[in-house]
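The chain contents come next:
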Amino acid sequence: MSNAGKSLVTAGLCRVFNQDGYKVAPFKSQNMALNSFITAEGAEMGRAQVVQAEAANIEPSVLMNPILLKPTSDSGSQVIVNGEAIGTMKAGEYYAMKHTLRPEVQKAFDTLASKFDIVCIEGAGSPAEINIKKDDFVNMGMAKMAKAPVLLVADIDRGGVFASIYGTLMLLEDDEREMVKGVIINKFRGDVGILRPGLAMLEEKTHLPVFGVVPYLKVDIEDEDSLSDRLQVKNAVKPLDAAIVRLPHISNFTDFMPLEQHPLLGVRYVANAHELGTPDLILLPGTKNTVDDLLWLRQCGLEAALLRLAGKGTPVLGVCGGYQMLGQTLDDSEGSESGRPQTLRGLGLLPTRTVFSQRKRRAQVRAVVTAAPFAGAELEAYEIHTGVTEAEGEPFARYPDGGREGCVQGNVFGTYLHGLFDTGALTEALAGWLCRRRGIDPSDAALIPMEEYRRQQFDKLADGVRAALDMDAVYAAMGMEKH
C-alpha cells in the first residue's frame, strides 16, 4: 500500500548493500510526487530516488526515475519522461498512452543494470491494484521486466497487516506470487515476541518466509509529499518559531528540513490564520499551482494575517511559487499555470511581476546571498519553475557571473532557489539574525553540517534495517552472497 515505508526500506537496503561493498542504484519506473529535483544535466526526477541515491553514495540520475507524475489537480498530472515534461494529462488520457512508455522504462533499467551490481527497485502503491493492472510497469509488471525477486513490504502501524499481506498475495496471478520471495513487516512498535504466533500462521498460510520485522525507526530522512508526518506538526517548542504555510499544492517542502535541525528553531506547518499566530518567521513554500494556492491564501484569511504581520516587521521568505505570490501581479494570460487565462493581484510585498508560460527553467546553480542579514552565505541549489519574474530593488542573491536572483524589500525576501538551506550557511545566518532580533545568544547552538547529519541518518537507517532483516535470506533471494 501507499505509505507502507517502501521508500525508506529501499533507501536502507541501498545503504546496506553499499556498506557491504556492492555498487547499488535505486530505481522506480514511475513516481507520483510534487517533491522533485534537478540533476546536474538539468533533468527533473522525484526526490525519493535522489534520497535513495544519496543512501547508495552515488550521484542521482534520471535513469533512476524515468517517469514522474506531478499532480496538478485531483484528476490530472504533469507527465515528465526522462526528465522532460511532455504535457499535462487527465488520468484517463495517461492510462490510454502509458503503454507507449514501456520501452523508455526498459531502456532506463537496462542502462542502470549494466553499470551496477544491484538495482534496488521500489514499487508504487500496491502490487494488487487490479483495476489498473493492464500495462503495469511499476509493480509486478516491472518485476517481470527486470526478472527480479520481490519483497512485499507491509505497514503494521495502521492495523490489519496480516489481512493486507494475505489479501495482496491472493490477488496476484500465480506467476506473480512465485516471484515474491518474502515479506517485510514495517513500522512495528512493541514486543516482537507477541507478534510471533501471527508470523508463524502467516508463513503457514502464504508459504512465504517473513524476512524481518522492522521497528518504527526514528530517522530523519525525507518523506514523500502530503503523506509526510512532518506536515502535521502544529507546534515546535524551541526559542524561535518558524511557520510554514501549508499550501494545498505544496511542493518541495524538503527545502525547509535543514531548518528543523537547528537547536533554537522550531518549525511547524499552518493551514489557517489561527494556527499562524505570531511567529518569528513566515515561510511561503513552493507549489505546483501558484495561482490557485494564492486564491486559497486569500479566501481562507491567511493573506490578511500574513500582510498584517509583515506590516509589523515579521520576516517573510517565499521560495519559488511562494516568491511569485509575494509580488505585485501574476500574469497567466496563456492559462498555462491555472488552466484558464487570468491575471491576479499578488500579495504586494515585493516589487516583482511574474508572467507564466509553458517553458520550465531547470538548472543546478551556485549563488551567493547578497540580502543584508545573510550576505555572504554560499548556496548550492537548483531551480525548477515556470514563469519569468521581473524584479526591481535589491536581489536576494547573485550568480557567479553577477546576475541577480530573487528580490528583497525590507523584511520580505523572495527566491527561486530550492535547496537553499542545504549547505548550512544560510541556515546559520538566518537563525543568527532571528536570535539577535529576539535578544537570544546563538553562540551555544552548534549546528551539525547537513551533509554529516544526512550521513548519520542513513547509517542509522541501515543499522536498523540490517538488525531487523535476515540479510542472508535477502541475498539468497537475489542469488548472491554477502561480500
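Before reading on, note that the structure itself is shown above.
Keep in mind that this is a model prediction, so the values were computed, not measured.

It is worth spelling out the overall build of the protein chain at this point. Of regular secondary structure, the protein chain possesses 16 helices and 25 strands. For 483 residues, the compact-globule formula gives about 23 Å, and the C-alpha radius of gyration of the protein chain, at 23 Å, lands near that figure. Taken over the C-alpha atoms alone, the protein chain extends approximately 70 × 50 × 40 Å along its principal axes. Considering the protein chain as a whole, with its 483 residues, one finds that 55% of them fall into the buried category. A separation threshold of at least 6 residues defines the contact pool for the protein chain, and within that pool the share at least 24 residues apart is 73%. In the structure as shown, the protein chain presents an accessible area of about 20,300 Å², 51% of it carried by carbon and sulfur atoms. A distance of 2 Å separates the average location of the 50 positive side-chain charges in the protein chain from that of its 62 negative side-chain charges.

Here we take up the pattern of salt bridges. Applying the stated criterion to the full structure yields 27 salt bridges. When the shortest N-O distance is used, the salt bridge between Arg454 and Glu54 registers 3.8 Å. Within this pair, whereas Arg454 is found in helix H15 (residues 450–468), its partner Glu54 is found in helix H2 (residues 47–55), the two being separated by 400 residues in sequence. Of the charged contacts, one joins Asp175 and Lys144 as a salt bridge, the two residues approaching to 3.2 Å between their closest N and O atoms. Taken together, the residues span a long stretch of sequence, with Asp175 in helix H7 (residues 174–179) and Lys144 in helix H5 (residues 140–146) at a distance of 31 residues. For Asp175, a relative accessible area of 40% gives the class partly exposed. Sharing partners across several salt bridges, the network here consists of Lys133, Lys144, Glu173, Asp175 and Glu176.

Within the open sheet, the six strands sit side by side as S14-S12-S15-S17-S25-S24. Their pairing is mixed. Looking at strand neighbours, the two that pair on one side only are strand S14 (265–270) and strand S24 (407–409), the edges of this open sheet. Strand-to-strand twist of the sheet, defined as the mean angle between neighbouring strand axes without regard to direction, takes the value 15°. The sheet contact formed by strand S12 (residues 240–245) and strand S15 (residues 281–284) spans three bridges and is parallel. Its bridge partner lying in S15, Ala242 is registered against Leu281. Each of S12, S15 and strand S17 (316–319) is contacted by helix H12 (residues 302–311), which is oriented at about 135° to S15, the strand it contacts most. Contacting S12, S14, S15 and strand S25 (412–415), helix H14 (residues 425–438) crosses the sheet at an angle of about 120° to S12.

What follows is about unusual backbone geometry. With a phi close to 55°, Lys147 is a non-glycine residue in the positive phi region. Although it is not a glycine, Asn252 adopts a positive phi angle of roughly 50°. Among the structural elements, Asn252 can be located in the loop between strand S13 (250–251) and helix H9 (257–260).

Before going further, it helps to examine the packing of aromatic side chains. Inspection of the entire model under this criterion finds ten aromatic pairs. Where Phe256 meets Phe421, the ring centres are 6.4 Å apart and the plane angle is 50°; that geometry is what we call tilted. A residue pair is termed long-range when its members are at least 10 positions apart, and Phe256 in the loop between S13 and H9 and Phe421 in the loop between S25 and H14 qualify at 165 residues. Per residue, the accessibility class of Phe256 equals that of Phe421, and both read buried. Aromatic side chains Tyr323 and Tyr416 sit 5.0 Å apart centroid to centroid with 80° between the ring planes, which places their arrangement in the edge-to-face category. Of this pair, Tyr323 sits in helix H13 (residues 321–325) while Tyr416 sits in the loop between S25 and H14, placing them 93 residues apart in sequence.

Reading the values: rules and limits
- Residues numbered from 1 in each chain as written.
- Predicted model: local features only at pLDDT ≥ 70, side-chain atom pairs only at ≥ 80, totals over all residues.
- Heavy atoms only, no water.
- Helix = DSSP H or I, 4+ residues; strand = E, 2+ residues; numbered from the N terminus.
- Rg over C-alpha atoms; globule rule 2.2 N^0.38 Å.
- Buried < 20%, exposed > 50% of the residue type's maximum accessible area, 1.4 Å probe, protein only.
- Contact = heavy atoms within 4.5 Å.
- Areas by Shrake-Rupley, 256 points an atom, 1.4 Å probe, with all protein chains shown as cover.
- Lys, Arg positive; Asp, Glu negative; His and termini not counted.
- Charge placed at Lys NZ, Arg CZ, Asp CG, Glu CD.
- Salt bridge = Lys/Arg side-chain N within 4 Å of Asp/Glu carboxyl O.
- Pairing = 2+ DSSP bridges.
- Axes fitted to C-alpha atoms, helices over the stretch in contact; angles between N-to-C directions.
- Phe/Tyr/Trp six-rings, centres within 6.5 Å; stacked < 30°, edge-to-face > 60°.

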